[in-house]
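Chain by chain, the residues run as shown.
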Amino acid sequence: MQETEIKKQYTNGSHIFRNLANRGCIRDLVQYVYYQENPYINVVPSKSRLARNALVFFIQNGHSQAIELFLESPFIKDIDHNDFVDAMKSLIYKDDINSWNLCNEKYPISLSESQKENLITLALENNAHNIILNLLPKNNALSQEEKMSYLLKCLSDKNKSPLTTLKMLESHFEDLLYHQQDDILIATALKNKHNAVVNYLIFEKRLRLTKHINALSYAYPEFAQLLTTRKMFDSL
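None of the values given here were measured: they were computed from a predicted structure.

Caption draft 1: The overall build of the protein, seen in detail. Broken down by element type, the protein carries 15 helices and zero strands. Computed over C-alpha atoms, the radius of gyration of the protein comes to 24 Å, more than 25% over the 18 Å expected from 2.2 N^0.38 for 236 residues, which places it beyond the range of a compact globule. Across its three principal directions, the C-alpha atoms of the protein cover 80 × 35 × 25 Å. A burial count over the protein gives 47% of its 236 residues as buried. Excluding contacts between residues fewer than 6 apart, the proportion of contacts in the protein whose partners are at least 24 apart in sequence is 69%. A total accessible area of about 13,000 Å² is found for the protein, and carbon and sulfur atoms account for 47% of it.

Caption draft 2: Representation of the pattern of salt bridges within the structure. Summed over the entire model, instances satisfying the criterion amount to eight salt bridges. As a salt-bridge pair, Asp83 and Arg49 come within 3.7 Å of each other at their nearest N and O atoms. Residue Asp83 is located in helix H6 (residues 81-94), and its partner Arg49 is located in helix H3 (residues 47-60); the two are separated by 34 residues in the primary sequence. A salt bridge links Lys89 to Asp86; its shortest N-O distance comes to 3.4 Å. Here the residue Lys89 and the residue Asp86 both occupy positions in helix H6, the gap between them amounting to three residues, near one helical turn.

Caption draft 3: Fine view of the packing of helix H1 (residues 3-22) against helix H2 (residues 26-35). Relative to each other, H1 and H2 sit at 160°, their axes nearing to 9 Å. Between H1 and H2, the angle is such that the two are roughly antiparallel. Crossing geometry of H1 relative to H2 is assigned as left-handed. In contact with Gly13, Ile16, Phe17, Leu20 and Ala21 of H1, H2 contributes Asp28, Leu29, Tyr32 and Val33. Its residues placed into classes, the contact of H1 with H2 shows seven nonpolar, one polar and one charged.

Caption draft 4: Representation of the state of the cysteines. Here the structure, examined in full by the defined rule, presents zero disulfides. Of all cysteine sulfurs, the one in Cys25 lies closest to Cys103, which takes part in no disulfide; the gap is 19 Å. Accessibility expressed as a relative area gives 0% for Cys103, which makes it buried.

Caption draft 5: The packing of aromatic side chains, seen in detail. With the rule as written, the count across this model stands at eleven aromatic pairs. Ring centres of Phe203 and Phe233 lie 6.1 Å apart, and the angle between their planes is 70°; this geometry places the pair in the edge-to-face category. Of this pair, Phe203 sits in helix H13 (residues 195-204) while Phe233 is found in helix H15 (residues 221-235), placing the two residues 30 residues apart along the sequence. Feature note: the residues Tyr10, Phe17, Tyr32, Tyr40 and Phe57 constitute an aromatic cluster, connected by ring pairs.

Caption draft 6: Layout of the layout of surface pockets. Volume-wise, the largest pocket comes out at about 200 Å³. Lining the largest pocket, in full, are Ala189, Leu190, Lys193, Asn195, Val198, Asn199, Tyr220, Pro221, Glu222, Phe223 and Leu226. Counting residues per element, the ones that place at least two in the lining of the largest pocket are helix H12 (184-191), H13 and H15. Element by element, the count of residues in the lining of the largest pocket is highest for H15, at four residues. Considering only residue class, the lining of the largest pocket consists of seven nonpolar, two polar and two charged.

Caption draft 7: How the structure looks around helix H7 (residues 97-106). Those residues of H7 that fall on the buried side of the exposure criterion are Ile97, Ser99, Trp100, Leu102 and Cys103. Elements in contact with the buried residues of H7: helix H4 (64-70), H6, helix H8 (113-125) and helix H9 (129-135).

Caption draft 8: Geometry of H2. Here H2 has its buried residues at Ile26, Leu29, Val30, Tyr32, Val33 and Tyr34. One side of H2 holds all its buried residues, which, seen down the axis, span an arc of 165°. Those residues of H2 that are exposed and angled more than 90 degrees off the buried face are Arg27 and Tyr35.

Caption draft 9: Structural detail: the nonpolar core. One finds Val33, Phe70, Phe75 and Phe84 to be the most contacted residues of the largest nonpolar core, which totals 79 residues. Per-element tally for this core: the top contributor is H3, with eight residues. In this view, Phe70 contacts Ile26, Ala51, Ala54, Leu55, Phe58, Phe75, Ile76 and Ile79; residues no more than four positions away in its chain are not counted.

Caption draft 10: Layout of a nonpolar patch on the surface. Taken together, the side chains of Met232, Phe233 and Leu236 present a nonpolar region at the surface, about 360 Å² in accessible area. Looking at the secondary structure, you find Met232 in helix H15.

Parameters at a glance
- Residues numbered from 1 in each chain as written.
- Predicted model: local features only at pLDDT ≥ 70, side-chain atom pairs only at ≥ 80, totals over all residues.
- Heavy atoms only, no water.
- Helix = DSSP H or I, 4+ residues; strand = E, 2+ residues; numbered from the N terminus.
- Rg over C-alpha atoms; globule rule 2.2 N^0.38 Å.
- Buried < 20%, exposed > 50% of the residue type's maximum accessible area, 1.4 Å probe, protein only.
- Contact = heavy atoms within 4.5 Å.
- Areas by Shrake-Rupley, 256 points an atom, 1.4 Å probe, with all protein chains shown as cover.
- Salt bridge = Lys/Arg side-chain N within 4 Å of Asp/Glu carboxyl O.
- Axes fitted to C-alpha atoms, helices over the stretch in contact; angles between N-to-C directions.
- Parallel < 35°, antiparallel > 145°, perpendicular 65-115°, else oblique.
- Left-handed = near helix turned anticlockwise from the far one by under 90°.
- Nonpolar A, V, L, I, M, F, W, Y, C, P; charged D, E, K, R; others polar.
- Disulfide = S-S within 2.5 Å.
- Phe/Tyr/Trp six-rings, centres within 6.5 Å; stacked < 30°, edge-to-face > 60°.
- 1 Å grid on protein atoms, 1.4 Å probe; cavity = no way out; pocket = protein on both sides within 12 Å on 5 of 7 lines; lining within 4 Å.
- Points joined across faces, edges and corners; volume = space filled by probe spheres on them.
- Arc of directions from axis to C-beta.
- Core = buried A, V, L, I, M, F, W, Y, C linked by side-chain atoms within 4.5 Å.
- Patch = residues over 30% accessible without salt bridge, like charges linked within 9 Å, V, L, I, M, F, W, Y side chains within 5 Å.

Structure follows, in structure tokens:
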């Protein structure tokens, strides 16, 4: 088949591929990609990338049965490890723990340390509580510094509403020490404008007002007003 014909078949076929994948028609998709007279798989630039795209479409559109059948289809033989891990990120955005567990059961993932940490970070930034707990190391295996590092990732500027995740981590971690590294927890919350977290730490958690916390009031005038109110409450 000439190169121009291959490109034409690939381009024309991509619409059919997307349509079937978006609708979760896994059986028709397998037939189209692998078993028709001119299999679509023969004209794609990357078999693994095509398989990844199919899985991502299923995940994004909530086709749980299609995900399960995908794991038993020819796609699973063509997808490579890194593309499979990349597709799993779509489950984090939805916090779809059922499909996450299904994928791990049918296609056990051996994550490198960097891959695992990247997925934990993504889960923390997107408040995927179920998947966070699935990925986090056991509490007693973590140092105080490591526990704090996960709280700080939760307070990333990419996370628009981290308070519930912060509280979940507090419950998960035992004996968490808040006043670490010059009170970096509240400093990070202030820097990234997580006002709900700041109010929680100051008024509900009632963190001890250290010299480092007091010093932050010079850089954040609104925080200075909060500290004044907190000190007034403390004096009553």
